[in-house]
Amino acid sequence: MIYSAAVIARVRDPKYAGWLPRDAPDVGTGEAGTLDSGTMARIQIRVEESTRRIDQAVFKVFGCSAAIASASLVTERLRGAPVDRVREIDALTVVAELALPPERASVAALAVTAARHAVEDWERKHDRNL
Amino acid sequence: MTNPRPIYLDYHATTPVDGAVLDAMLPFFSDRFGNAASRQYRYGWDAQAAVDTGRSAVAALIGADAKDIVFTSGATEANNLALKGLAEVSGPGRNHFVTIATEHKSVLDTCKRLERDGCRTTVLPVNGDGSIDLEQLRASVTGQTVAVSVMAANNEIGVLAPLREIAEIAHAKGALVHSDAVQAAGKVPFDVNALSVDLASLTAHKLYGPKGVGALYVRRKNPRVTLAPLFDGGGHERGMRSGTLNVPGIVGFGAAALLAREQMPGEAARLTQLRDRLLAGLKKHVSDLVVNGCLEARLPGNLNVSFPGVDGEALLVSLCEDVAVSSGAACTAADPSHVLKALGRKTDLALASLRFGLGRWTTAEEVDAAIAHVATAVNRLRAMTPV
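How each quantity is defined
- Residues numbered from 1 in each chain as written.
- Chains lettered and ligands numbered in written order.
- Predicted model: local features only at pLDDT ≥ 70, side-chain atom pairs only at ≥ 80, totals over all residues.
- Helix = DSSP H or I, 4+ residues; strand = E, 2+ residues; numbered from the N terminus.
- Buried ≥ 20, exposed ≤ 12 C-beta atoms within 10 Å, placed from the backbone.
- Axes fitted to C-alpha atoms, helices over the stretch in contact; angles between N-to-C directions.
- Left-handed = near helix turned anticlockwise from the far one by under 90°.
- Contact = placed C-beta atoms within 7 Å.
- Nonpolar A, V, L, I, M, F, W, Y, C, P; charged D, E, K, R; others polar.
- pLDDT = per-residue confidence, 0-100.

Moving on: the overall build of chain A. Broken down by element type, chain A carries 4 helices and 3 strands. Counting helices and strands in the order they occur from the N terminus, chain A gives α-β-β-β-α-α-α. Seen along its three principal axes, the alpha-carbon backbone of chain A occupies a region of about 50 × 30 × 25 Å. Of all 130 residues assigned to chain A, the portion counted as buried reaches 44%.

So, in structure tokens, the structure goes:
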């Protein structure tokens, strides 16, 4: 498998790999995939309530290079983004930006799904706190 | 920071041509370009003399007579020639081959082909440390067995085979012994007479010679082994391998064999030290690693390690700009190693493995740097796992 420089750079230096406290009221956590299946992504966001912008986004991932690079790229796009526009990030864009081989599109979709679940988690907490 | 060139630790895949070998070869591409089969004039005599010198050097590396060496395009061809060539000339009632599950694909796939052509083959499992169960082998070899084919040193886990004992078992039933010796020759003592091996496959590019040239040792005495050729043609190489001889390649093979023979004792000790340093360093900086294959009877420059909890492909990509290693044989890198699977490793663990091959230009500084790169990559990937 020959990957693009965009993938290799993110695997070698996954800038936003990390975690946020799952129980914090301003943190949303989303997961997709399973360890048993060989690919799992977790994305966490911290949202500034007054602006509804994501001021932090981090990821953890188990899987191949495409999975790591996809989760990494999604967190890059999430940072500073309005929480209401996260749904605009789609897997095809991730595949194109990373020049992933078509057979790896599913792992890009996992990262996008994890991001959407993170927003839903934050919204649930946020609605509860209103 | 990115290295200008990754540290090369994949000497089992291939080796660079030694400068002295290249110097020996170069005239035979231009000034001394003759065809060794041209007997009528000096160009041909010169080429023939160079081939003779190369043949003698290759033979000396394995304790053989020069006349026993049949030059080929490489070890894949040599393995094919040995097994298919034997199958074709074996007498009635002998149509059975025995090999082991950790062989190179050029032996295993040749055996599959022989099965399709009507032969029987037995592929024996190996023990968890890659060693061979000799009693199981003894039970498998029968009066119908044409040959037992066991590699001298495994190309992934470096485990050495007890060829002398294997030969005793095979010969007791009238079967021949073939050994793919590409990883062993020039690295550890491999003497066809001391080991009673009847056929052995070699290749130049694993011992600092050029790609595209190999050899099959075919015993001519005690017993005289005969083979059917794979190719029909001019009857070169005692009729076993037609085709114009690759004179520059054979000259390079000979020069490489000579160097390897001279340097073997010192180089084996040096590489063993470096391999032990590599393992100690990895153990110090990475928890829960699993060494594949027994460490005692093993090639000096080989280490094969699995890293539980890491995706193997992500590990290779993490390392690709720093250290050139592989997760198995270069020919089969997309799939989990059949060798590690034969040792009982599960697919995930087999994929999360690195084969380190240390060689002539590997230094202690490179080993230390590789330890640091691998430890960083493994620990980073493990820390990234969402648990």
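What follows picks up the thread again.
Let us now look at the packing of helix 2 (residues 42–61) of chain B against helix 8 (residues 247–285) of chain B. Residues and elements named next belong to chain B. It is at 8 Å that the axes of helix 2 and helix 8 come closest, and there the two elements cross at 35°. You can see that helix 2 and helix 8 cross each other, and the crossing is left-handed. For the pair helix 2 and helix 8, the contacting residues are Ala-47, Ala-50, Val-51, Thr-53, Gly-54, Ala-57, Val-58, Ala-60 and Leu-61 in the first and Val-247, Ile-250, Val-251, Phe-253, Gly-254, Ala-257, Leu-258, Ala-260 and Arg-261 in the second. When grouped by side-chain class, the residues that make up the contact of helix 2 with helix 8 number 14 nonpolar, 3 polar and 1 charged.

Burial analysis of helix 9 (residues 312–319) of chain B places 8 of its 8 residues in the buried class, the great majority of the element. For helix 9 of chain B, the complete set of buried residues consists of Gly-312, Glu-313, Ala-314, Leu-315, Leu-316, Val-317, Ser-318 and Leu-319 of chain B.

Listed per partner, the contact involves 17 residues of chain A and 10 residues of chain B. Residue assignment for the side of chain A that touches chain B shows that the elements contributing at least two residues are helix 1 (5–12), strand 2 (39–48), strand 3 (53–62) and helix 2 (65–78) of chain A. Residue classes in the side of chain A that touches chain B are distributed as 11 nonpolar, 2 polar and 4 charged.

Turning our eyes to something else, we now look at the confidence of the model for chain B. Residue and element names in this part refer to chain B. Per-residue confidence for chain B gives a mean pLDDT of 95, with 97% of residues at or over 70. Note on residues 329–333: pLDDT is under 50 here. Beyond four places in sequence and across chains, it has 11 contacts. Two summary scores accompany this predicted model of the complex, namely pTM at 0.94 and ipTM at 0.93.

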